[in-house]
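One-letter residues, chain by chain:
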Amino acid sequence: MAEIIPFVDLKRQHDQIATELQSAIQGVLQSGWFIQGPKLEAFEREFAAYCQVEHCVGVGNGLDAIVLLLKAYGIGPGDEVIVPSNTFIATWLAVTAVGATLVPVEPDEQTHNLDPARVAAAVGPRTRCVMPVHLYGQPADMDPIMALAHEHDLIVIEDNAQAQGALYKGRPTGSLGHAAATSFYPGKNLGALGDGGAVVTQDAEIARKVRMLRNYGSEKKYDHQVLGCNSRLDEIQAAILSVKLRQLDLWNQERRAIAALYAELLPSHVVQCPFVPSWADPVWHLYVIRSFHRDALQSHLQAHGVQTVIHYPIAPHQQACYAAQMPGASYPLAEQLSKEVLSLPMYPGLTEAEQQRIAGLVASFPG
Ligand SMILES: *Cc1c(COP(=O)(O)O)cnc(C)c1O
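These figures come from a predicted structure and were not determined experimentally.

Our focus in this paragraph is the environment of Arg 171. Position of Arg 171 among the secondary structure elements: in strand S7 (residues 171-172). Residues Arg 171 and Phe 34, 137 residues apart in the sequence, show an inter-C-alpha distance of 34 Å. Here Arg 171 is in contact with Asp 143, Ala 166 and Leu 176, once residues within four sequence places are set aside.

Okay, here's the thing in structure tokens:
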């Protein structure tokens, strides 16, 4: 039996920089400063520069990053937020957490990302915000969304959890909307060794508000201006992220090479490979193929030692937590995608031989 090809293997990237990671952790240990210290400040500067924006505020995780942005913009009950019908549940949960109303919009069928024409059709008098998700590391079509936002005075918050380093018409995701939220969950393109997240924006006032909200609503110790929470990016994670940020472009480049080889090797009569618009330079957080026989294909790969994952097997509106409050909701494209998508192994360190084996197995799939 051939060796198992895991769906992700973070050890392969961490082994490359083991010494740097250890000295980053050691440095924090010796400094004795663990929360809101110099490592966080340094990482915030570096990540803002990487995203080509003025401000970065580190927070506890990606979900909080979206929630705190919505709060900073004063979005809440009575406000509508346009979200993709096909996304990770966090995008939706953040909107629900602030008491705003979800307005799901179906994706473009080729890119699986927010379809600007459908967004335009969904804008109404209560719409306050549009939240594009750069799903799977593919930038959403932002220019028409920003034009629409300008016309209707809407806030655009990018959910950039899956696309750190992706480019849209040469500009980095995270710098395209009014603000962006990202996640440093370990499996993301830029992942911590635990939970983490950040907000980036050009807007100094929004950055100041998020900075207050993440730390008990205070700018000065024991002086609480607003009802905040505790959602901070700790020094150890910030120090680790600074080390890993230096590798990000290299690792994203490796993901691009892996995607190119998949596109070459995978048989197009068996599966549909991702579509990349001319203006997009994706970073391949996930390599998502489509098949009408997805479940059988997944079992076939599993039986031959190749692990795959479905992103996502249940559309958000069909999740138990939403289904009861959205009776009769129907998003056929999101539902169809949930039945056809399959994510293949995609990570720095995946070898060409492993990809050959995966592609060979897809080709030999009888379905
Ligand atoms: C991972 C992810 C999040 C949430 O990040 P956490 O750090 O896990 O809270 C939000 N949106 C999308 C699209 C994600 O993939």
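Looking now at helix H9 (residues 235-265). Compared with the 45 Å implied by 1.5 Å per residue over 31 residues, the 43 Å span of H9 between its first and last C-alpha is a close match. At Gln 247, H9 is deflected by roughly 45°, the largest bend along its length. One side-chain oxygen at the N-terminal end of H9 lies 3.1 Å from the backbone nitrogen of Ile 236; it belongs to Asp 234.

For strand S5 (residues 155-159), a buried count of 5 out of 5 residues is recorded, marking the element as mostly surrounded by other parts of the structure. Here S5 shows a buried face lined by Ile 155, Ile 157 and Asp 159 and a second buried face lined by Val 156 and Glu 158. Across 2 bridges, strand S4 (residues 127-130) lies against S5 in parallel orientation. Its bridge partner being in S5, Val 130 is matched across the sheet by Val 156. With helix H7 (residues 142-152) bridging S4 and the parallel S5, this β-α-β connection has right-handed handedness. Two strands pair when backbone bridges link them, and S5 and strand S8 (residues 179-183) are joined in this way by 3 bridges, in the parallel orientation. Looking at the pairing, Glu 158 lines up with Ala 180 of S8.

Another aspect to go through is the sheet that holds strand S2 (residues 80-84). With mixed pairing, 7 strands are arranged side by side in an open sheet as S1-S9-S8-S5-S4-S2-S3. Two strands close off the open sheet at either side, each with one partner strand: strand S1 (55-59) and strand S3 (101-105). Across this sheet, the average inter-strand angle for adjacent strands is 25°, counted without regard to direction. When S2 meets S3, the two strands line up parallel, connected through 5 bridges. Bridge assignment links Val 83 to a residue of S3, and that residue is Pro 104. Strands S2, S3 and S5 of the sheet are contacted by helix H5 (residues 89-97), whose axis makes an angle of about 170° with S2.

What counts, and where the lines are drawn
- Residues numbered from 1 in each chain as written.
- Predicted model: local features only at pLDDT ≥ 70, side-chain atom pairs only at ≥ 80, totals over all residues.
- Heavy atoms only, no water.
- Helix = DSSP H or I, 4+ residues; strand = E, 2+ residues; numbered from the N terminus.
- Contact = heavy atoms within 4.5 Å.
- Expected span 1.5 Å × (residues − 1).
- Bend = angle between axes of the 7 residues up to and from the residue.
- Polar contact = N/O pair within 3.5 Å; in protein donor to acceptor, adjacent residues only side chain to side chain.
- Buried < 20%, exposed > 50% of the residue type's maximum accessible area, 1.4 Å probe, protein only.
- Pairing = 2+ DSSP bridges.
- Right-handed = clockwise from strand over helix to strand, strands pointing away.
- Axes fitted to C-alpha atoms, helices over the stretch in contact; angles between N-to-C directions.

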